Amino acid sequence: MALYSVYHPDLVIQPWHVYIAYLLILWTCVCIVILLKRIIPYLQDLGLFLVLVGGLVTIIAVAAMPPQHASNSFVWTNWVNQTGFSDGVAFLTGVLNGAFAIGTPDAVTHMAEELPNPKRDLPRAVAAQIILGTLSMFAQSFPLGSRPVFKY
């Protein structure tokens, strides 16, 4: 709804709009799971590809777009926390979004029963998630050049 409202600024989002969007997404997912279950592995591969390529594109865009980058000291010392939370909570909340985007070891462990060789595959899957999450976190936290600071 928020993305739609970007292109239609005169729209006032009502609760029923959000509910209808929720139902459309819910029933689309239900239909895919029930009717198109054979494509789910391909959707998973597509999702992984989009997460990795999207992260890379974001890093390149953030590093290349601004004509002048802020200095490293400016980025880490001159930011204003206007959330109402302490600085530590605000920082960790911002970092948490990346954790949800990549996934957690919990998601892999729930699929342990479905793995062909869980004794070997489960530790590999957990390690792959942690390594991939760590690498993507560092890539997005420290892109080529310093990030610009946006103050609202």
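What you see is a predicted model, and the numbers here were worked out from it, not measured in a lab.

In terms of regular secondary structure, the protein is built from seven helices and zero strands. Along its sequence from the N terminus, the protein presents helices and strands in the succession α-α-α-α-α-α-α. The buried share of the protein, taken over its 152 residues, is 10%. Within the protein, contacts between residues at least 6 apart in sequence are counted, and of these 52% link residues at least 24 apart. Total accessible area on the protein is roughly 12400 Å²; 71% of this is exposed by carbon and sulfur atoms.

Bringing the side chain of His17 into the picture now. Structurally, the position occupied by His17 is in helix 2 (residues 15–35). Judged by its relative accessible area of 16%, His17 falls in the buried class. Dropping the residues within four chain positions of it, His17 is found in contact with Met1, Leu11 and Val12.

A word on the confidence of the model for the protein. Mean pLDDT over the protein stands at 80; residues scoring 70 or higher make up 85%. Confidence drops under a pLDDT of 50 for residues 148–152, and excluding neighbours within four residues, the segment shows seven contacts in the predicted structure.

Before going further, it helps to examine the environment of Val126. Residue placement: Val126 occurs in helix 7 (residues 118–141). The spacing of Val126 and Asp106 is 20 residues in sequence and 8.5 Å in space, taken between C-alpha atoms. Look past the residues within four positions of Val126 in its chain and what remains in contact with it is Pro105, Val108 and Thr109.

Here we come to the pattern of salt bridges. What the rule picks out here adds up to one salt bridge. One salt bridge connects Arg120 with Asp121, and the closest N-O pair in it is separated by 2.8 Å. On the accessibility criterion, Asp121 (14% relative accessible area) is buried.

All told, the structure shown has one aromatic pair when counted by the stated rule. Taking the centre distance of 6.4 Å and the plane angle of 35 degrees together, the rings of Tyr19 and Tyr22 count as tilted. Of the two residues, Tyr19 and Tyr22 both sit in helix 2, three residues apart, roughly one turn of that helix. For Tyr19, a relative accessible area of 49% gives the class partly exposed. The partly exposed category is assigned to Tyr22, whose relative accessible area is 49%.

This paragraph deals with the side chain of Asp121. Structurally, the position occupied by Asp121 is in helix 7. One polar contact links Asp121 to Arg120, side chain to side chain, over a distance of 2.8 Å. With residues near it in sequence (within four places) discarded, Asp121 still touches Leu115 and Pro116.

The end-to-end C-alpha separation of helix 3 (residues 40–64) is 35 Å, in line with the 36 Å expected for 25 residues at 1.5 Å each. All buried positions along helix 3 are accounted for by Gly55, Ile59 and Ala63.

Criteria and cut-off values
- Residues numbered from 1 in each chain as written.
- Predicted model: local features only at pLDDT ≥ 70, side-chain atom pairs only at ≥ 80, totals over all residues.
- Heavy atoms only, no water.
- Helix = DSSP H or I, 4+ residues; strand = E, 2+ residues; numbered from the N terminus.
- Buried < 20%, exposed > 50% of the residue type's maximum accessible area, 1.4 Å probe, protein only.
- Contact = heavy atoms within 4.5 Å.
- Areas by Shrake-Rupley, 256 points an atom, 1.4 Å probe, with all protein chains shown as cover.
- pLDDT = per-residue confidence, 0-100.
- Salt bridge = Lys/Arg side-chain N within 4 Å of Asp/Glu carboxyl O.
- Phe/Tyr/Trp six-rings, centres within 6.5 Å; stacked < 30°, edge-to-face > 60°.
- Polar contact = N/O pair within 3.5 Å; in protein donor to acceptor, adjacent residues only side chain to side chain.
- Expected span 1.5 Å × (residues − 1).

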